[in-house]
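Chains, contacts and geometry: an overview
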Amino acid sequence: AQSVSQHNHHVILSEAASLELGCNYSYGGTVNLFWYVQYPGQHLQLLLKYFSGDPLVKGIKGFEAEFIKSKFSFNLRKPSVQWSDTAEYFCAVNARGSGAGSYQLTFGKGTKLSVIP
Amino acid sequence: EAGVTQFPSHSVIEKGQTVTLRCDPISGHDNLYWYRRVMGKEIKFLLHFVKESKQDESGMPNNRFLAERTGGTYSTLKVQPAELEDSGVYFCASSQHGRVSTDTQYFGPGTRLTVL
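Residues numbered from 1 in each chain as written. Chains lettered and ligands numbered in written order. Predicted model: local features only at pLDDT ≥ 70, side-chain atom pairs only at ≥ 80, totals over all residues. Heavy atoms only, no water.

**Focus on the interface of chain A and chain B**
At the junction of the two partners, chain A supplies 25 residues and chain B supplies 23 residues. A buried area of about 2,000 Å², summed over both sides, lies between chain A and chain B, and 54% of it is on carbon and sulfur atoms. Three residues, Tyr103(A), Gln104(A) and Phe107(A), lead the burial of chain A against chain B; their summed loss comes to 31% of the area buried on that side. Viewed at the interface, chain B and chain A are joined by one salt bridge. Glu88(A) is the partner of Arg37(B) in a salt bridge, and the nearest nitrogen-oxygen pair spans 2.9 Å. Joining chain A to chain B, the criterion identifies eight residue pairs in polar contact (both at pLDDT 80 or more). Secondary-structure elements contributing two or more residues to the side of chain A that touches chain B are strand 5 (31-38), strand 6 (45-50) and strand 10 (87-95) of chain A. Residue classes in the side of chain A that touches chain B are distributed as 11 nonpolar, 10 polar and four charged. (Contact = heavy atoms within 4.5 Å. Buried area = accessible area lost by both parts, 1.4 Å probe. Salt bridge = Lys/Arg side-chain N within 4 Å of Asp/Glu carboxyl O. Polar contact = N/O pair within 3.5 Å; in protein donor to acceptor, adjacent residues only side chain to side chain. Helix = DSSP H or I, 4+ residues; strand = E, 2+ residues; numbered from the N terminus. Nonpolar A, V, L, I, M, F, W, Y, C, P; charged D, E, K, R; others polar.)

Spelled out as structure tokens, the structure:
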């Protein structure tokens with residue numbers, strides 16, 4: 001079974017600070033990796049995803065994530081956060097393939113980010 | 001293009017009552033998923049439809065939950081009878097046709113269910 005661990009429950013940063021949110025997963029096979037974000041009052045939306053190729057993935061709004069296979073990690077980064085980045089961030093994985101169970105996303109518990117102006 | 005929509009946005013019911021949640025996926029999306037987030041916990045998978053067929057229902061908690069997707073368009077999730085532990089936010093998501101696990105799942109706004 002897959003599992004996802006997000007290390008921080010709540011992160012508070014000042015504007016312009018750098019951000020790194022940790023995500024580690026546990027799974028015996030090949031996975032696809034995702035970061036979703038939920039802004040206050042809005043629905044979950046995809047920030048970025050990785051399934052092959054360059055392990056450094058760039059997403060929307062200046063976010064990027066790096067897949068480190070040896071560490072089973074997919075940490076999210078942003079060099080300079082803005083107040084508008086205040087949101088809850090979710091790391092998720094699913095199994096690479098086309099079998100019945102491949103599509104379900106397994107989520108971490110989420111990290112709430114508060115950016116202080 | 002309209003996104004995934006869910007109805008109602010909030011529902012408050014008493015223990016033992018029945019509630020039906022509805023999800024309208026993005027037009028043309030064959031894959032439809034239900035997830036649930038209980039307060040303080042992670043978002044958990046419930047089930048996956050491909051068109052009108054249940055592809056994977058391994059996450060359904062028990063037989064009080066019944067999901068349908070008649071005609072392969074919208075889906076309903078019925079909870080009968082509701083219990084206190086069913087409270088949470090129920091998310092629906094959809095993704096395009098094809099059995100490709102890398103497809104992006106687009107989420108709806110969720111239905112917040114409170115069972116008193």
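**A look at the sheet that holds strand 1 (residues 5-7) of chain B**
All names here are of chain B. Taken in spatial order, the four strands line up as 1-3-8-7 in an open sheet, and their pairing is antiparallel. In this open sheet, the two edge strands, each paired with only one partner strand, are strand 1 and strand 7 (65-68). Strand-to-strand, the axes of this sheet are offset by a mean angle of 15 degrees, without reference to chain direction. Looking at chain direction, strand 3 (residues 19-24) and strand 8 (residues 75-79) are connected through five bridges and run antiparallel. (Pairing = 2+ DSSP bridges. Axes fitted to C-alpha atoms, helices over the stretch in contact; angles between N-to-C directions.)

**With respect to the state of the cysteines**
All names here are of chain A. Applying the stated criterion across every chain, the model contains two disulfides over all chains. Here Cys-23 connects covalently by a disulfide to Cys-91, the sulfurs 1.9 Å from one another. The sign of the S-S torsion, about -65 degrees, decides the handedness of the disulfide formed by Cys-23 and Cys-91: left-handed. Here Cys-23 is found in strand 4 (residues 23-26), whereas its partner Cys-91 is found in strand 10, with 68 residues between them in sequence. Cys-91 shares its class with Cys-23; the two are buried. (Disulfide = S-S within 2.5 Å. Buried < 20%, exposed > 50% of the residue type's maximum accessible area, 1.4 Å probe, protein only.)

**A short note on the environment of Ser95(B)**
Residue and element names in this part refer to chain B. When you line up the elements, Ser-95 lands in strand 9 (residues 88-95). On the basis of relative accessible area, Ser-95 is assigned to the buried category, the value being 1%. Measuring from C-alpha to C-alpha, the distance between Ser-95 and Val-79 comes to 24 Å, with 16 residues separating the pair along the chain.

**A word on unusual backbone geometry**
Here Phe7(B) and Pro8(B) are connected by a cis peptide whose omega angle stands at -5 degrees. For Pro8(B), the location among the structural elements is in the loop between strand 1 and strand 2 (10-13). Note that the residue after Gln80(B), namely Pro81(B), is joined by a cis bond; omega there is -10 degrees. Structurally, Pro81(B) can be placed in the loop between strand 8 and strand 9. Within the chain, Lys61(A) stands out as a residue other than glycine whose phi angle is a positive 60 degrees. Positionally, Lys61(A) belongs in the loop between strand 7 (56-58) and strand 8 (64-68). With relative accessibility at 47%, the residue Lys61(A) sits in the partly exposed group. Phi is positive for Phe72(A), which is not a glycine, with a value near 50 degrees. Examined against the element boundaries, Phe72(A) turns out to sit in the loop between strand 8 and strand 9 (73-78). Judged by its relative accessible area of 38%, Phe72(A) falls in the partly exposed class.

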